[in-house]
Amino acid sequence: MKYEKLAKDILELVGGKENINSVFHCVTRLRFKLKDEGKAKTEEIKNLDGVVTVMKSGGQYQVVIGNHVPDVYAAVLEVGGLSGVSESASNNDEKVGLGAKFIDMISGVFTPILGVLAATGMLKGFAALILALHWVEATSGTYNLLNIAGDGLFNFLPIFLGYTAMKKFGGTPFVGMAIAAALVHPGLTALSAGKPLYTLFKGTLFQSDIHITFLGIPVILMSYASSVIPIVLSAFFAVKVEKGFKKVVPDVVKAFLVPFLTIMVMVPVTFLVIGPIATWAGSLLGAATIWIYQLSPIVAGLILGGFWQVFVMFGLHWGLVPIAMNNITSMHYDPVLATVTFVSFAQTGAVLGVMLKTKNKKLKSLSIPAFISGIFGVTEPAIYGITLPLKKPFIMSCIAGGIGGGIIGAFASKLWMFGGMGIFAIPSFIKPGAGLDTAFWGAMIAILVSFVVGFVLTYLFGFKDTAQKEETKVEVKKVEVKKADGPVGVVSPIRGQIVPLSEVKDQVFASEAMGKGVAINPSEGKVFAPVNGAVTTLFKTKHAIGLTAEDGAQILIHVGMDTVELDGKYFTAHVKQDDVVKAGDLLVEFDVEAIKAAGYQVVTPVVVTNTPDYKEVNVVKTGRVNTNERILVLN
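Here the structure is a predicted model, which is why all the values come from computation and not from measurement.

Thresholds, definitions, all that
- Starting from 1, residues in each chain are numbered consecutively following that chain's sequence as written.
- Local features in a predicted model are, by the rule used here, given only for residues with pLDDT of at least 70; side-chain atom pairs are given and counted only at 80 or more, and totals for whole chains, interfaces and linings are based on all residues.
- Side-chain metrics in this entry use all non-hydrogen atoms of the structure; hydrogen atoms and water are not considered.
- Salt-bridge detection follows one rule: a side-chain nitrogen of Lys or Arg within 4 Å of a carboxyl oxygen of Asp or Glu.
- Only DSSP runs of H or I covering at least 4 residues are called helices, and only runs of E covering at least 2 are called strands; the numbering of each starts at the N terminus.
- Burial status follows relative accessibility: with a 1.4 Å probe on protein chains alone, a residue under 20% of its type maximum counts as buried, one over 50% as exposed, and anything between as partly exposed.
- Pairs of residues are marked as contacts when any of their non-hydrogen atoms sit within 4.5 Å.
- Nine residue types can take part in a nonpolar core, namely buried Ala, Val, Leu, Ile, Met, Phe, Trp, Tyr and Cys, and a core is a set of them joined through side-chain atoms within 4.5 Å.
- We treat two strands as partners when DSSP finds at least two bridges between them.
- Each residue carries a pLDDT value, the predictor's own confidence for that position, ranging from 0 to 100.
- Stacked, tilted and edge-to-face are the three classes applied to pairs of Phe, Tyr and Trp rings, where Trp contributes its six-membered ring and a pair requires centres within 6.5 Å; stacked means planes under 30 degrees apart, edge-to-face means over 60, and tilted covers the rest.
- Counting as a charge over the ring demands two things of the Lys NZ or Arg CZ atom: a distance within 6 Å of the ring centre and an angle within 35 degrees of the ring normal.
- Axes here refer to lines fitted to C-alpha atoms; in helices the fit is confined to the stretch in contact. Angles between the N-to-C directions go from 0 to 180 degrees.

### Some words on the pattern of salt bridges
- Tallied over the full model, the rule gives nine salt bridges.
- We note a salt bridge from Lys124 to Asp151, for which the minimum N-O separation is 3.4 Å. Placement of Lys124 in helix H4 (residues 98–132) and of Asp151 in helix H5 (residues 141–155) is noted, with a sequence separation of 27 residues between them.
- Its relative accessible area of 27% is what places Asp151 among the partly exposed residues.

### Quick look at the side chain of Thr164
- Note on placement: Thr164 falls in helix H6 (residues 157–169).
- Apart from residues no more than four positions distant in its own chain, Thr164 is found in contact with Val109, Pro112 and Ile113.

### Side note on the nonpolar core
- One finds Phe110, Leu157, Leu161, Met325, Leu337 and Phe342 to be the most contacted residues of the largest nonpolar core, which totals 66 residues.
- Apart from the residues lying within four places of it in its own chain, the contact partners of Leu337 are Trp308, Leu320, Ala324, Leu415 and Phe418.
- Listed in part, the 37 residues of the second largest apolar core include Val518, Ile555, Phe590 and Val592.

### A closer look at the sheet that holds strand E19 (residues 604–608)
- Across the sheet, which stays open at both edges, the eight strands sit in the order E17-E13-E14-E15-E19-E11-E10-E21 with antiparallel pairing between neighbours. Looking along the sheet, the strands with just one partner apiece sit at the ends: strand E17 (580–581) and strand E21 (624–625).
- As judged from the five bridges shared by strand E14 (residues 544–549) and strand E15 (residues 554–558), these two strands associate in the antiparallel manner. Following the sheet pairing, Leu547 is matched in E15 by Ile555.

### Things to note about the confidence of the model for the chain
- In the predicted model, the chain carries a mean pLDDT of 84, and 91% of its residues have values of at least 70.
- Here helix H18 (residues 467–480) stands out as the least confident element of the chain, with mean pLDDT 37; helix H7 (residues 173–183) is the most confident, with 95.
- Counting interchain partners and residues more than four positions distant, the pLDDT-below-50 stretch residues 85–94 has 24 contacts.
- Segment residues 467–481: pLDDT under 50, and 15 contacts once partners within four positions in sequence are set aside and those in other chains are kept.

### Digging into the packing of aromatic side chains
- Under the criterion given, the structure shown has 14 aromatic pairs.
- Three or more aromatic residues joined by ring pairs form one cluster here, namely Phe169, Phe236 and Phe237.
- One residue, Lys414, lies across the ring of Tyr333, its end atom 5.4 Å from the ring centre.

### Overview of the sheet that holds strand E12 (residues 526–528)
- Across the sheet, three strands lie side by side as E12-E18-E16; this open sheet has antiparallel pairing. Strand pairing shows two members of the sheet lacking a second neighbour, E12 and strand E16 (571–573), which therefore form its edges. Put simply, the sheet's adjacent strands are angled 15 degrees from each other on average, direction ignored.

So this is what it looks like as structure tokens:
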């Protein structure tokens, strides 16, 4: 397995299999529900080769991988023996707020079907495109079969959501599917035909003709094809009903009697109460969002387009997904997500600006795949790998996204179906039967403008390229490093008590896997340079620092055990990466007593990480040691 090692590392650093409630993935991220997020070593995960970054949002611990996330996800399941998307009750649910729970619920229900929903939407969009271009006739078998292939999932969407919602809420998925299948049963059309028995709520917004009754109770028959809210609410209550029956039904008949009773109760309840109320609520929600949008479509586009990437970073975009799906169901179009669909091109334009301007080879090489991914609507590699670390390019892309959203609002462009992302979303803006109208061409203008503005702003004002300065520093270090002819001495960077490395309570250091050396139990919280050379590694948490000596020795000083978890608290760095230092220069200060009070050891390994380059690494000092006293000799 290509990603076996990465999967093992991720599992270990999130706290092991036993710390995982569930895991699933979206387009670019592994989404963990952890029992205790405090056990996850976030900084170490971020430093893994193959991980873009880590995000915490909506009760989820999200490890951003990029385009290879399906392969990494498969490796995680295989290596960890995990079952994937199943959601057991989280031990820390009470620790997250109502908003986070809602976001987690929505993402858990919709994420499993987003890929196939986008695929079928693309099929439907492609059918609309070839019809608009007059390549086929509306009566042709080619058009109708493609349209049916694209429309099938959306028409029977409640069945798919019945499965994912029941699974998310902790029930039996096929029970949810059975309830949903009843909602879209073709026989309902015949039941609602003919003269009604009577009319309820006559003269109001909720006026409904009654054609049938259930045990004498009037049933309001509605169309639930393509609906979202009714089945999600029904699944939520079905789980509670199912759990109730499981407690009282004997085990010998539980396998069939619990589903029988649950379906027998929930189907009538859904038709009588949940369905009508949810449908009316959905109509009101759709009307409300359209009313707010129509106050000023341009302003709405500017705000949504400008902040959309921020919403995505924190998972807040999930709050708009059910609204958009409800709008398409109730009104057959959605203007809300339409304003943000092409924000990816603003991000892609910013990446192109970085790629063409920078002389940093690593940054340029990262920009190429991020640019390609952005064209197809996947922007996480661009955001976390390029624009966000550089800061200004991300801001420029947000500005460009806002302008693009404003243009879409000005042209009243709408999504007529759920489709793909990036260029694959273009057909979703074609109104079925209307052809390529002004609203469609407005969306195309928004793509071009947001891309060009993102590129120009980033190229002109987005960032200051520091590649030449970095390359100069690297060259200086290469010139300065000279292999010593005789023994090389390393002085103590810390005042304290010498401790054999084998006694360090960390197997990596004790086994000398990181290299040979000693450990020091510090009597004061100061770290000085043990050699003349350059700072080649300074961890963000400042608990560890690596130096390359003029003679080529590579020294790692690691203050304390597991102190990375302090995230830099109680540490102060007096140098930065690539600084040239002399033996005795102050590198880092740390608060010994505060670190101990926080529950961490302060014993500090000092190891030669390139030990294999030497015949011998000898410890020449024991007992108490002062700074600048020789502790190691390398031959």
